[in-house]
Amino acid sequence: MAAACQEVATGCMVTKMQRLNSQYRVLPPEGVLMTENPAIYALREAVVHFGDPQRPVLQRISLEIPRGQFLTVVGPSGCGKSTLLRVLAGLQSLSGGQLERSSGESAMPTRGASGAELRAGFVFQQPALLPWRTAMQNLRLPLELGSGAAGEGQAAEAGEERLLGLLEQVGLSRADAGKRPGQLSGGMQMRLSLARALVRDPQVLLLDEPFAVVDDFLRMKLQDSLRALHDARGLTTILVTHNLQEAAYLSDRVVVLQPSPRGLSADLSVRRSRLSPAERRRAPEQFEFLQQLSAALFPS
Ligand code: ADP
Ligand code: MG
């Protein structure tokens, strides 16, 4: 599904953007991204400032994200990546412009930052687990805090079996369910954090530098788990990372965000042929893509 969405998106974007080669497009000065296939998010001329309208963090950002896409946002520190993610999550309101969110389950998209019908899971850099609760109890937390009738319904449905299955999906074992975070390694804590983001069966997964503090070996395993979850669950995934190799390896599409007023400066499609994870990591396309990404971030 992700590949299909990407192809449609790419086809439409070509009409709007200068085509440099098969993968790399530079946005027009106004930085408008347009796609014609169903978008789960449509951000139009979005502006965010924190008090001073003359110094917006996000300035006229327009971006459509099709259902099923794995989109990664890269850019220098402080350019507004986390702010953009928080806008999409509905945690940060816009100072100007518009955000439409659609789960695809209702005829009309939701305007503004409410987006009640679109379920999103959020994963942060730190696992943010409650140390006195077991893994299973941490997993139940979003259901206990669930909003309104939908949350209560899900809590009732969330049988032990389903939650144990979720632990297994992220690479933990049933035996881990009774352990407290202090008894789990850093990688296992991150896996639990990922499972917790999936507990309410989200359509969208938003991740803000989730693997920044783990070592390279663990990072690679977590990356494989994340992409497998994205594919198996038909998620729309939006990842913020500093790691260009991670962006190249995981994504269907990478956008480059530059500090305001430049905003989105490049939009790159990643060719994803059917390769095993090990093959993909050493595929020539990966290195070519990394070069394109580096050129987009650091133009000579
Ligand atoms: P990035 O994730 O790309 O490093 P952020 O989105 O975290 O960037 O922050 C972009 C800018 O916005 C920074 O200068 C940061 O200090 C500022 N900022 C972010 N959130 C707030 C806030 N709640 N209040 C004031 N300034 C903020
Ligand atoms: Mg950030």
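That block above? That's the structure.
Positions within a chain are numbered from 1, following the residues in the order the chain's sequence is written. All chains are assigned letters beginning at A, and all ligands numbers beginning at 1, according to the order in which they are written. Two thresholds apply to this predicted model, a pLDDT of at least 70 for residue-level local features and 80 or more for giving and counting side-chain atom pairs, whereas whole-chain, interface and lining totals are computed over all residues.

Regarding the site of ligand 1
Taken together, the neighbourhood of ligand 1 is formed by Phe-50, Val-57, Gly-75, Ser-77, Gly-78, Cys-79, Gly-80, Lys-81, Ser-82 and Thr-83. For this classification, Asp, Glu, Lys and Arg are treated as charged, while Ala, Val, Leu, Ile, Met, Phe, Trp, Tyr, Cys and Pro are nonpolar and the rest, including Gly, are polar. Its residues assigned to classes, the shell around ligand 1 shows three nonpolar, six polar and one charged. A residue counts as near a molecule or strand when its C-beta atom, positioned from the backbone, falls within 6 Å of it.

Comments concerning the packing of helix H3 (residues 135-144) against helix H6 (residues 186-198)
Every angle, taken between N-to-C directions, lies between 0 and 180 degrees, and every axis is a line fitted to C-alpha atoms, over only the stretch in contact when it is a helix. Starting at the N terminus, helices and strands are each numbered in turn, a helix being any DSSP run of H or I of at least four residues and a strand any DSSP run of E of at least two. Orientation of H3 relative to H6, taken along the N-to-C sense of each, is 35°, at an axis distance of 8 Å. Classified by chirality, the crossing of H6 by H3 is right-handed. Contact with H3, carried on its side by Ala-135, Asn-138, Leu-139, Leu-141 and Pro-142, involves Leu-192, Ala-195 and Arg-196 of H6 and no other residues of that element. Looking at side-chain class alone, the contact of H3 with H6 contains six nonpolar, one polar and one charged residues. If you view the pair so one helix is near and one far, a crossing is left-handed when the near helix is turned anticlockwise from the far one by less than a right angle, and right-handed when it is turned clockwise. Here contacts are defined at the residue level, using C-beta atoms placed from the backbone and a cut-off of 7 Å between them.

Things to note about the pairing of strand S3 (residues 39-48)
Residues are called buried when their C-beta atom has 20 or more other C-beta atoms within 10 Å, exposed when it has 12 or fewer, and partly exposed otherwise; all C-beta atoms are positioned from the backbone. Here S3 lies mainly inside the structure; seven of its 10 residues are buried. Pairing analysis gives six bridges linking S3 to strand S4 (residues 58-66), with the strands arranged antiparallel. Note that in S4 the partner of Ala-39 across the bridge is Pro-66. Think of it this way: DSSP has to see at least two bridges between two strands before they count as a pair. Both S3 and strand S6 (residues 96-101) contribute to a ladder of five bridges, which runs antiparallel.

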